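Architecture at a glance
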Amino acid sequence: MSDAGVFLPQEMIRTKRDGGTIEAADIQKFVAGITDGSVTDGQVAALAMTIFFNGMTPDEGAALTLAMRDSGDVIDWSKYGFAADAPIVDKHSTGGVGDKVSLMLAPIVAACGGFVPMISGRGLGHTGGTLDKLESIPGYDPYPSIDRFAEIVKTVGCSIIGQTGDLAPADKRFYGIRDVTATVESIPLITASILSKKLSAGLRALVMDVKFGSGAFMDSDKKAEELARNIVRVANAADVPTTALLTDMNQVLGRTAGNAVEIFETIDFLLEPRQADKRLMTVTLDLAAHMLALSGAQPNFDVARDKAAVALMKGKAAEVFAKMVAAQGGPADLYEKKHDYLKLAPVVKPVLAGKAGFISGMDTRAIGMAVVALGGGRTDPSAKVDHGVGLTEVCQVGDRVEADEPLAMVYARDDAAAEAAIKSVRAAIDLKPVAPESKPIVALTIGE
Ligand code: URA
């Protein structure tokens with residue numbers, strides 16, 4: 001069809017609807033139409049639905065990803081004085097509950113020689129967003145200009161910002177339409193959406209953290225693995241070496257879920273790593289080691305993991321995080337005055353176990369929704385979040401508790417909100433008389 005002169009979006013949709021294959025040139029024209037508005041919402045929705053049902057061939061998926069990446073600016077790091085082989089690397093998580101890994105990971109990787117231009121998202125549904133967490137720090141600017149972003153990456157080693165309109169704008173419109181037409185859960189569309197944004201940051205390597213389990217975005221472990229394999233394949237085809245880790249989201253990651261509470265946990269993790277939650281530590285150091293090895297900042301995974309652990313233990317990562325926060329407009333004395341800057345909600349209540357036993361499992365999604373109901377997340381992309389609410393001291397699978405001990409502490413704006421959260425969190429956590437079998441947080445590594 002691309003040879004036939006005038007491009008008709010409906011003809012391309014028809015081809016895909018009838019099980020045919022669409023050409024890269026037509027995909028590029030369709031994506032250009034998404035960006036400049038010449039393709040209608042109805043046509044975008046129709047294409048999304050045909051892809052939802054018919055899938056895409058590997059070539060179609062790669063063409064869609066690249067066209068969406070090229071719909072806006074692609075950062076050229078050589079313009080900012082980076083060498084052609086500079087280890088510019090990022091991580092992307094498919095999202096979870098209590099997933100604050102990016103906040104410690106970017107500084108650890110930067111402290112070991114990597115450069116991390118991290119473009120993060122906001123929370124949606126039951127999942128939290130790195131950007132919302134960072135915005136609990138007064139003054140933190142998640143939208144510097146691209147020139148300032150590059151300068152921070154160069155001088156500090158990492159910068160965490162939000163998606164700007166200049167990077168992969170086609171995805172912004174495409175995702176918005178998918179969101180309201182029940183077409184989000186399509187592996188080729190998710191792949192193109194995630195990778196177009198990541199690749200527009202001009203990365204030399206990427207590590208994916210694909211979550212599975214009760215708090216994950218993908219509704220089955222099989223689909224999570226399928227997504228991970230597809231992302232690795234498409235990213236490698238786009239010449240960005242990529243590794244994906246499949247990680248367990250069957251429980252809250254770390255001991256907090258919310259916004260300011262997760263910044264507190266991040267600061268404690270960076271300043272007192274020996275006290276940190278073990279699963280959070282494992283996944284963070286594993287991801288850091290893959291990022292450092294894949295980007296060439298360190299020679300291999302084992303050396304990189306040791307370096308990452310030393311940088312963390314010696315406080316180097318804590319120094320980088322503090323510098324990044326200050327460079328993005330946050331306070332220079334965040335660690336010293338964290339209680340002045342990070343304001344928590346006034347009503348603090350325990351979720352009591354009610355009976356003795358071992359934590360045997362969690363409905364992690366329900367816990368995420370309890371945080372959303374407190375005001376700490378959003379179900380509508382334009383809603384505001386309350387940074388001060390959330391959960392702390394969240395128990396972990398395998399913990400032993402007595403009847404009068406807390407499973408978590410709730411931070412709420414008022415008693416009614418606290419009581420509702422207590423009820424939801426208690427109902428989401430299972431207790432059994434015997435300890436469950438322990439499972440590794442990193443279940444599978446794809447693309448090594
Ligand atoms: N996250 C994204 O960025 N895009 C999707 O399509 C799904 C999750």
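See above for the structure.
Here's what I pulled together on the structure shown here. Not measured: the values here are computed from a predicted model. (Residues numbered from 1 in each chain as written. Predicted model: local features only at pLDDT ≥ 70, side-chain atom pairs only at ≥ 80, totals over all residues. Heavy atoms only, no water.)

**Looking at the side chain of Arg-178**
Relative to the assigned elements, Arg-178 resides in helix H8 (residues 169-179). One buried charge, Arg-178, has no salt-bridge partner; the nearest side chain with opposite charge is Asp-171, at 4.6 Å. Among residues more than four places away in sequence, those in contact with Arg-178 are Ala-48, Thr-183, Val-184, Leu-189, Ile-190 and Ser-193. (Helix = DSSP H or I, 4+ residues; strand = E, 2+ residues; numbered from the N terminus. Buried < 20%, exposed > 50% of the residue type's maximum accessible area, 1.4 Å probe, protein only. Lys, Arg positive; Asp, Glu negative; His and termini not counted. Salt bridge = Lys/Arg side-chain N within 4 Å of Asp/Glu carboxyl O. Contact = heavy atoms within 4.5 Å.)

**Structural notes on the site of the ligand**
Near the ligand the following residues occur: Tyr-175, Arg-178, Ile-190, Ser-193, Ile-194, Lys-197 and Phe-217. Contact between the ligand and Ser-193: a nitrogen atom at 2.6 Å from a side-chain N or O atom of the residue. Here an oxygen atom of the ligand and a side-chain polar atom of Lys-197 are 2.5 Å apart. When isolated, the ligand has an accessible area of 240 Å², and the protein chains bury 85% of it. The set of elements that each furnish at least two residues to the shell around the ligand consists of H8 and helix H9 (187-199). (Near = heavy atom within 4 Å. Polar contact = N/O pair within 3.5 Å; in protein donor to acceptor, adjacent residues only side chain to side chain. Areas by Shrake-Rupley, 256 points an atom, 1.4 Å probe, with all protein chains shown as cover.)

**What about the sheet that holds strand S12 (residues 429-432)?**
The strand order across the open sheet built from 3 strands is S10-S8-S12, with neighbouring strands paired in antiparallel fashion. The open sheet has two edge strands, strand S10 (400-401) and S12, and neither has a second partner. Two elements, strand S8 (residues 357-362) and S10, share 2 bridges in a ladder whose sense is antiparallel. Among the inter-strand pairings, Phe-358 is bridged to a residue of S10, identified as Arg-400. Packed onto the sheet, helix H17 (residues 415-428) meets S8 and S12 and runs at close to 50° relative to S12. (Pairing = 2+ DSSP bridges. Axes fitted to C-alpha atoms, helices over the stretch in contact; angles between N-to-C directions.)

**Re helix H3 (residues 41-54)**
Here H3 contains 14 residues, and its C-alpha end-to-end distance of 20 Å stays within 8% of the 20 Å for a straight helix at 1.5 Å per residue. Among the residues of H3, Gln-43, Val-44, Ala-45, Leu-47, Ala-48, Thr-50 and Ile-51 are the ones counted as buried. The inward-facing, buried residues of H3 abut helix H1 (9-17), helix H2 (24-36), H8 and H9. One or two positions beyond H3, positive phi appears at Gly-55, with a value near 70°. (Expected span 1.5 Å × (residues − 1).)

**Regarding the nonpolar core**
The biggest cluster of nonpolar side chains holds 56 residues, and the ones touching the most others in it are Ile-137, Phe-269, Leu-270 and Phe-321. The element that contributes the greatest number of residues to this core is helix H12 (residues 278-295), accounting for 9 residues. In contact with Phe-269, other than residues within four places in its own chain, are Met-104, Ile-108, Ala-276, Leu-280, Met-281, Thr-284 and Leu-312. Counting residues in hydrophobic clusters, the runner-up holds 38 residues, among them Phe-82, Leu-167, Leu-199 and Ile-231. (Core = buried A, V, L, I, M, F, W, Y, C linked by side-chain atoms within 4.5 Å.)

**Some words on the pairing of strand S1 (residues 89-93)**
S1 sits mainly inside the fold: 5 of its 5 residues count as buried. Of the two faces of S1, the one lined by Val-89, Lys-91 and Ser-93 and the one lined by Asp-90 and His-92 are each fully buried. Summarising the sheet, S1 and strand S4 (residues 205-212) pair through 5 bridges and their orientation is parallel. Bridge pairing in S4 links Val-89 to Ala-205.

**Topic: the packing of helix H5 (residues 101-111) against helix H11 (residues 260-271)**
Orientation of H5 relative to H11, taken along the N-to-C sense of each, is 35°, at an axis distance of 9 Å. The interaxial crossing formed by H5 with H11 has right-handed handedness. When H5 is examined against H11, the residues Leu-103, Met-104 and Ile-108 are found in contact with a partner set consisting of Ile-263, Thr-266, Phe-269 and Leu-270. Considered class by class, the residues forming the contact of H5 with H11 number 6 nonpolar, 1 polar and no charged. (Left-handed = near helix turned anticlockwise from the far one by under 90°. Nonpolar A, V, L, I, M, F, W, Y, C, P; charged D, E, K, R; others polar.)

**As for the pattern of salt bridges**
The final tally for this structure, using the stated rule, is 27 salt bridges. Residue Glu-135 pairs with Arg-122 through a salt bridge whose shortest N-O separation is 2.8 Å. With Glu-135 in the loop between helix H6 (130-134) and helix H7 (146-156) and Arg-122 in the loop between strand S2 (116-120) and H6, this residue pair connects regions lying 13 residues apart in the sequence. Using a relative accessible area of 26% as the deciding quantity, one classes Glu-135 as partly exposed. When its relative accessible area of 31% is taken as the criterion, Arg-122 is described as partly exposed. The salt bridge partner of Glu-225 is Arg-229, with a shortest N-O separation of 2.9 Å. On the criterion of helical spacing, the pair formed by Glu-225 and Arg-229 is a turn pair, its members being 4 residues apart in helix H10 (residues 221-237). Connected through shared salt-bridge partners, Lys-100, Lys-133, Glu-262 and Glu-265 make up one network.

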